[in-house]
Amino acid sequence: MSETPRRRITLERVFRAGLDDVWALWTTADGIESWWGPEGFSVTVRSLDLRPGGGMRYVMTATAPETIAFMEKAGLPLATEARVTFTDVQKMRRLTHVTLVDFVPGVAPYPNTTDVKLTETTGGVHMVLTIDAMHDEAWTGRALQGRESELRKLDALMAARGAKV
């Protein structure tokens with residue numbers, strides 16, 4: 001039995017930064033830990049092997065009081081370890097990875113793909129982030145809110161750095 005493909009969701013941003021800076025934030029442990037995860041969470045990278053077939057393991061932990069309260073009320077763990085497998089790594093251009101979604105109570109683990117495309121522009125870097133929808137609309141909404149929150153953190157980080165184009 002083949003699985004029905006999930007719909008894809010695309011988010012775009014333009015960062016007033018150099019391509020090397022944006023790439024490093026997506027591909028190094030220090031970069032990832034500086035912004036990855038929605039507001040109210042912190043991320044610790046346990047391992048990172050940036051190549052097709054390589055992977056990353058990280059722990060995302062609820063840290064803000066309101067986030068902890070939400071997670072507890074929802075019956076979700078305060079920290080989860082995620083495993084990512086890189087399927088496409090084109091330095092400074094594209095990063096595709098599959099995350100095993102194995103943290104949803106009562107739902108069998110399933111793969112979820114994220115694709116990041118970076119293009120240098122005269123004003124900085126254009127990023128196209130494409131993600132798979134989750135297993136249902138409620139979780140897709142949560143995932144989308146989380147991605148938007150992550151991107152706000154990334155925007156703020158770029159602004160604080162005063163990144164140069």
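Remember, it's a predicted structure, so these values are computed and weren't measured experimentally.

Novice: How would you summarise unusual backbone geometry if you had to cite specific residues and measurements?
Specialist: Peptide bonds are, in most cases, trans, and in most cases residues other than glycine have a negative phi. Look at Met92: it is not a glycine, yet its phi comes out positive at around 65°. With respect to the helices, strands and loops of the structure, Met92 is situated in the loop between β4 (79-90) and β5 (94-101).

Novice: Give me the lowdown on the pairing of strand β3 (residues 55-62), citing residues and values where you can.
Specialist: Regular strands place their side chains on alternate faces of the sheet. β3 sits mainly inside the fold: 6 of its 8 residues count as buried. Sheet topology note: the strand β2 (residues 41-48)/β3 ladder contains 7 bridges and is antiparallel. When the sheet's bridge partners are listed, Val43 is paired in β3 with Met60. Between β2 and the antiparallel strand that follows it, β3, lie 6 residues; Gly53 among them carries a positive phi value of about 90°.

Novice: Explain the side chain of Thr27 to me, and be specific about the residues and the numbers.
Specialist: Along the chain, Thr27 falls in helix α1 (residues 19-27). Given a relative accessible area of 7%, Thr27 falls into the buried group. A distance of 2.7 Å separates the side chain of Thr27 from the backbone oxygen of Trp23, its partner in a polar contact. Those residues within four positions of Thr27 in sequence are excluded, and the remaining contacts are Ile32, Leu48, Leu50 and Leu95.

Novice: Tell me about the pattern of salt bridges, and name the residues and values.
Specialist: This model, assessed by the stated rule, comprises 12 salt bridges. Residues Asp49 and Arg51 are paired through a salt bridge, measuring 2.9 Å at the closest nitrogen-oxygen approach. By relative accessible area, Arg51 is classed as partly exposed at 42%. Taking the shortest distance from any N to any O, the salt bridge between Arg147 and Glu150 comes out at 3.8 Å. Highlighted residues: Arg147 and Glu150, both in helix α4 (residues 137-161), separated by 3 residues, approximately one helical turn. In terms of burial, Arg147 and Glu150 fall into one category: buried. It is possible to trace a salt-bridge network through shared partners that takes in Arg13, Glu148 and Asp155.

Novice: Lay out the nonpolar core with the relevant residues and their values.
Specialist: Judged by nonpolar contacts, the single largest core of 41 residues is most densely connected at Trp26 and Tyr58. With sequence-adjacent residues up to four places away left out, Tyr58 is seen in contact with Trp36, Val43, Thr44, Val45, Arg46, Thr80, Glu81, Ala82 and Val84.

The rules behind the values
Residues numbered from 1 in each chain as written. Predicted model: local features only at pLDDT ≥ 70, side-chain atom pairs only at ≥ 80, totals over all residues. Heavy atoms only, no water. Helix = DSSP H or I, 4+ residues; strand = E, 2+ residues; numbered from the N terminus. Buried < 20%, exposed > 50% of the residue type's maximum accessible area, 1.4 Å probe, protein only. Pairing = 2+ DSSP bridges. Polar contact = N/O pair within 3.5 Å; in protein donor to acceptor, adjacent residues only side chain to side chain. Contact = heavy atoms within 4.5 Å. Salt bridge = Lys/Arg side-chain N within 4 Å of Asp/Glu carboxyl O. Core = buried A, V, L, I, M, F, W, Y, C linked by side-chain atoms within 4.5 Å.

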